Amino acid sequence: MARPKKSEHIAELVELFRESSGALLTEYRGLTVEQMQELRRAMGQDAEYKVAKNTLAKLAAKEAGVEGLDDELTGPTAIAFVKGEVATVAKALRDFSKEHEALVIKTGVLEGAVVPAESVAKLADLESREVLLAKAAGALKASLYKAAATFQAPVLKTVRTVDALREKQENAA
């Protein structure tokens with residue numbers, strides 16, 4: 001690659017590292033072009049999947065302020081730069097790697113910190129953001145209903161007691 005082309009490629013990778021909410025490094029050795037296109041479609045609009053030369057990716061990562069990727073940047077490397085939810089892209093990569101064993105998730109970069117492949121796998125196991133928010137809302141709603149019932153209990157008890165006293169007086173008279 002000519003020097004100006006390398007500089008452009010490094011600048012593009014630096015920008016992607018800085019703008020993305022996360023980056024997932026994969027090894028794609030053995031995947032066909034069609035499979036790579038299928039993987040890009042599986043990730044959807046949430047990620048940009050770039051094949052990168054390791055030396056250029058190392059330089060770009062350092063320039064972007066990401067440290068600790070040097071050991072993982074070996075062999076054929078492609079990086080999924082995540083613009084949306086990292087968990088969604090991690091699920092897409094995990095599901096694709098189950099069908100195509102040639103795809104290996106090496107590591108990830110989340111909020112500037114390098115995380116191991118095991119953490120990326122755990123992230124892929126998380127439910128979607130919407131499901132987690134719905135569960136949290138349900139738990140809060142249940143707590144509110146319990147609190148409302150607790151606050152109403154003394155009033156209801158008082159009303160029942162007054163009714164019982166009134167009924168007792170009417171039966172006595």
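Our structure's up above, just so we're on the same page.
All values derive from a computational prediction rather than experimental measurement.

Secondary structure assignment for the chain yields six helices and five strands. Mapped in sequence order, the helices and strands of the chain form the string α-β-α-β-α-β-α-β-β-α-α. Taken against the 2.2 N^0.38 rule, which gives 16 Å for 173 residues, the C-alpha radius of gyration of the chain at 28 Å runs more than 25% over that of a compact globule. Referenced to the eigenvectors of the C-alpha coordinate spread, the extents of the chain come out at roughly 110 × 35 × 25 Å. Here the chain, with 173 residues, has 30% of them falling under the buried criterion. Just so you have it, the chain exposes about 11,000 Å², and 55% of that area is on carbon and sulfur atoms. Each charge class in the chain can be summarised by its mean position, and for the 25 positive and 26 negative side chains these summaries are 3 Å apart.

Attention now goes to the nonpolar core. Of all hydrophobic cores here, the largest spans 23 residues; its most connected members are Leu24, Met43, Tyr49, Val89 and Leu93. Examining the composition of this core, we find that seven residues originate from one element, helix H4 (residues 86-99), more than from any other. If near-sequence neighbours (up to four positions away) are discounted, Leu93 is found in contact with Leu24, Thr26, Leu39, Met43, Ala80, Leu103 and Ile105. In terms of nonpolar packing, the next biggest core, distinct from the first, is built from 18 residues, Ile10, Val14, Leu16 and Ile79 among them.

Bringing the packing of helix H2 (residues 33-43) against H4 into the picture now. At a closest axis distance of 9 Å, the pairing of H2 and H4 adopts a crossing angle of 145°. For the element pair H2 and H4, the recorded crossing hand is right-handed. When H2 is examined against H4, the residues Gln35, Glu38, Leu39, Ala42 and Met43 are found in contact with a partner set consisting of Val89, Ala92, Leu93, Phe96 and Glu99. Residues of the contact of H2 with H4, tallied by class, amount to seven nonpolar, one polar and two charged.

Every buried residue of helix H5 (residues 117-125) is accounted for by Val120, Leu123 and Ala124. For H5, the buried positions fall inside an angular range of 100° around the axis, keeping them on one side. Exposed residues pointing more than 90 degrees away from the buried face of H5 are listed as Glu118, Lys122 and Asp125.

Before going further, it helps to spend a moment on the packing of H4 against H5. Two numbers describe how H4 lies on H5: the axes approach to 8 Å, and their chain directions differ by 105°. In terms of orientation, H4 and H5 fall into the roughly perpendicular class. In this structure, H4 contributes Val86, Ala87, Ala90, Lys91 and Arg94 to the contact, and H5 contributes Val120, Leu123, Ala124 and Asp125. Along the lines of polarity and charge, the residues of the contact of H4 with H5 split into six nonpolar, no polar and three charged.

Across the sheet, which stays open at both edges, the five strands sit in the order E2-E3-E1-E4-E5 with antiparallel pairing between neighbours. What marks the edges here is a single partner per strand, and that holds for strand E2 (47-52) and strand E5 (113-116). Each strand axis lies, on average, 25° off the axis of its neighbour in the sheet, ignoring direction. Pairing of strand E4 (residues 104-110) with E5 involves four bridges; the strand directions are antiparallel. Its bridge partner being in E5, Gly108 is matched across the sheet by Val115. Along the sheet face, H2 touches E2 and strand E3 (77-82) and points at about 150° away from the line of E2.

Cut-offs and rules
Residues numbered from 1 in each chain as written. Predicted model: local features only at pLDDT ≥ 70, side-chain atom pairs only at ≥ 80, totals over all residues. Heavy atoms only, no water. Helix = DSSP H or I, 4+ residues; strand = E, 2+ residues; numbered from the N terminus. Rg over C-alpha atoms; globule rule 2.2 N^0.38 Å. Buried < 20%, exposed > 50% of the residue type's maximum accessible area, 1.4 Å probe, protein only. Areas by Shrake-Rupley, 256 points an atom, 1.4 Å probe, with all protein chains shown as cover. Lys, Arg positive; Asp, Glu negative; His and termini not counted. Charge placed at Lys NZ, Arg CZ, Asp CG, Glu CD. Core = buried A, V, L, I, M, F, W, Y, C linked by side-chain atoms within 4.5 Å. Contact = heavy atoms within 4.5 Å. Axes fitted to C-alpha atoms, helices over the stretch in contact; angles between N-to-C directions. Left-handed = near helix turned anticlockwise from the far one by under 90°. Nonpolar A, V, L, I, M, F, W, Y, C, P; charged D, E, K, R; others polar. Arc of directions from axis to C-beta. Parallel < 35°, antiparallel > 145°, perpendicular 65-115°, else oblique. Pairing = 2+ DSSP bridges.

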